[in-house]
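Given next are the chains, with one letter for each unit.
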Amino acid sequence: MNILAFESSCDETAVAVVRNGREVLSDAILSQADMHALYGGVVPEIASRKHVEAIAALTDRALEEASLTKSDIDAVAVTYAPGLIGAVLVGVSFAKSVALALGKPLIPVHHIRGHIAAAYCAFPELTPPFLALSVSGGNSLLVDVRDYTDMTILGATRDDAAGECFDKAARVLGLPYPGGRPMDQLAQQSPGGVYTLPQAHVEGAPLDMSFSGLKTAVVNLVHNAQQKGEPLDRAALARDFTEAVAEALVSRAALALEQTGHTRLVAAGGVAANSILRRHLEEMCAEKGVALYLPPLKWCGDNGAMIGAQGYYEYMAGHRGDMTLNGLATEDLDNLSY
Ligand code: KG4
């Protein structure tokens, strides 16, 4: 079954063709990051307009790269939530038109379910149940994935997402947007151990996270040093910050593995590309005898393949959208409303 999949929830326009939820026939992406870098972050109105400009040509490219025509498509999948609402609506409106024009089923896909499903593209042998750690620009979640479409959030950030925190810390350190990757590169230049940064714990909810205190600590540290004219070891700060984020995520993933008894851990989302986080997850999983599934970097960030993969399993579960499908800025992955 060939699914044509659309993703436009933030600043990447992505269109892919995925066969039977696993085989990525094409994966066309146009990132707007360079444009938003001029403003130090995503400008929602610009994101929506750029999606409009890009989506039709990317669809042609995705079909061409898959060596298919429109008549070979069996269903259309699209990210309907969560995301920047104007951006999400571009994908939803376009996917609805394509589904209507081709007379094919429309499958709404939750963006974070999609991030988790990226692992199905990378690891053919992977099947639920497993624990997922999904860390991106908008979310930081621990998810009990019992089956392809049956999952529960075990823990979540109470404030900022880990990726958001990376982007803000990078900004005060003078690094370009999006800051995760440059922070990763800077952090690798130092062993760290110079700055003491806070670790937040949510009372009564050991799997929940909080990153805003850490973000504020980095911002204050940099501003204080600047105001006093004191030298700042930028690489050490990037390293200590990254270690603090990794510690928060890895310790909670370890606890969730113990609580659920899962023997497999899937990492997902843009922050899962972080080299230090990946190393610590590998160490923790090796110690616990847990199988770790780390998708390649191209499938950590937003892409269309992950929507095509999850779209297949949503389709198999009988989930369909119709021409009334709306985009949503927020929606929990374990409580779908369409
Ligand atoms: O999953 P994603 O592409 O978009 C969302 O769905 O949010 O995640 C983007 C986030 C950004 O905050 C970006 O800075 C972060 O992922 N990121 C990283 C790395 N690469 C991207 N964070 C830390 N280390 C990286 N290597």
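Structure: see above.
Thresholds applied
Residues numbered from 1 in each chain as written. Predicted model: local features only at pLDDT ≥ 70, side-chain atom pairs only at ≥ 80, totals over all residues. Heavy atoms only, no water. Helix = DSSP H or I, 4+ residues; strand = E, 2+ residues; numbered from the N terminus. Rg over C-alpha atoms; globule rule 2.2 N^0.38 Å. Buried < 20%, exposed > 50% of the residue type's maximum accessible area, 1.4 Å probe, protein only. Contact = heavy atoms within 4.5 Å. Lys, Arg positive; Asp, Glu negative; His and termini not counted. Charge placed at Lys NZ, Arg CZ, Asp CG, Glu CD. Near = heavy atom within 4 Å. Polar contact = N/O pair within 3.5 Å; in protein donor to acceptor, adjacent residues only side chain to side chain. Areas by Shrake-Rupley, 256 points an atom, 1.4 Å probe, with all protein chains shown as cover. Nonpolar A, V, L, I, M, F, W, Y, C, P; charged D, E, K, R; others polar. Domains from an automatic or database assignment. Axes fitted to C-alpha atoms, helices over the stretch in contact; angles between N-to-C directions. Parallel < 35°, antiparallel > 145°, perpendicular 65-115°, else oblique. Left-handed = near helix turned anticlockwise from the far one by under 90°. Pairing = 2+ DSSP bridges.

Participant: Run through the overall build of the chain, naming residues and quoting values.
Facilitator: Per the secondary structure count, the chain includes 10 helices and 10 strands. For the chain, the C-alpha radius of gyration of 20 Å lies close to 20 Å, the compact-globule estimate for 338 residues. Reported as C-alpha extents along the three principal axes, the dimensions of the chain are approximately 65 × 45 × 35 Å. Looking at the chain as a whole, 55% of its 338 residues qualify as buried. For the chain, restricting intrachain contacts to residue pairs at least 6 apart in sequence, the fraction spanning at least 24 positions comes to 73%. Distance between charge centres in the chain, computed from 25 positive and 39 negative side chains, equals 2 Å.

Participant: Can you tell me about helix α5 (residues 162–172), naming the residues and giving the values?
Facilitator: The complete set of buried residues in α5 reads Ala 162, Gly 163, Cys 165, Phe 166, Ala 169, Ala 170 and Val 172. For α5, the secondary structure elements touched by its buried residues are β6 (130–135), β7 (140–147), α6 (180–187), α7 (212–228) and α8 (234–260).

Participant: Please give an account of the site of the ligand that cites residues and values.
Facilitator: Around the ligand, 21 residues are found, and the nearest of them are His 111, Gly 137, Asp 167, Gly 180 and Gly 270. Within the backbone of Gly 138, a nitrogen or oxygen atom sits 3.5 Å from an oxygen atom of the ligand. At 3.0 Å from an oxygen atom of the ligand is found a side-chain nitrogen or oxygen belonging to Asp 302. Here the ligand, which alone exposes 550 Å², has 86% of that area covered by the protein. Of all elements in the fold, only α4 (111–122), α5 and α6 reach the threshold of two or more residues within the shell around the ligand. Across the shell around the ligand, the residue classes tally to 5 nonpolar, 12 polar and 4 charged. Counting only domains with at least three residues in the shell around the ligand, you end up with domain 1 (2–117 + 301–316) and domain 2 (127–294).

Participant: Describe the packing of α8 against helix α9 (residues 275–288), and please don't skip the residues or the numbers.
Facilitator: Axis separation between α8 and α9 bottoms out at 9 Å; the angle between their running directions is 30°. Comparing the axis directions of α8 and α9 gives the class roughly parallel. Once α8 is placed against α9, the crossing between them reads as right-handed. Of α9, the residues touching α8 (which contributes Arg 239, Thr 242, Glu 243, Ala 246, Leu 249, Val 250, Ala 253, Ala 254, Leu 257 and Glu 258) are Ile 276, Leu 277, Arg 279, His 280, Leu 281, Met 284 and Lys 288. A per-class count over the contact of α8 with α9 returns 10 nonpolar, 2 polar and 5 charged.

Participant: Which residues make up the sheet that holds strand β2 (residues 12–19), and what values do they have?
Facilitator: Spatially, 5 strands are ordered β3-β2-β1-β4-β5 in an open sheet, and the strand pairing comes out mixed. Each edge of the open sheet is held by one strand with a lone partner, namely β3 (23–31) and β5 (106–110). Here the average twist between neighbouring strands, direction ignored, is 20°. Pairing between β2 and β3: 8 bridges, direction antiparallel. Directly across from Ala 14, in β3, lies its bridge partner Ile 29. Here helix α3 (residues 85–102) sits on the sheet and contacts β1 (2–7), β4 (75–81) and β5; the angle it forms with β4, its principal contact strand, is near 160°. Sheet strands in contact with α4 are β1, β3, β4 and β5, and its direction is about 95° off that of β5.

Participant: Residues and numbers for the sheet that holds β7, please.
Facilitator: One open sheet holds the 5 strands; their spatial order is β8-β7-β6-β9-β10, and the pairing between them is mixed. What marks the edges here is a single partner per strand, and that holds for β8 (150–156) and β10 (291–293). Neighbour-to-neighbour, the strand axes of the sheet open up by a mean angle of 25°, direction not taken into account. Examined bridge by bridge, β7 and β8 share 6 bridges and lie antiparallel to one another. Following the sheet pairing, Leu 141 is matched in β8 by Ala 156. The strands touched by α4 within the sheet are β6, β7, β8 and β9 (264–268), with β6 carrying the most contacts at an inclination of about 120°. Lying over the sheet, α9 contacts β6, β9 and β10, oriented at roughly 175° with respect to β9.

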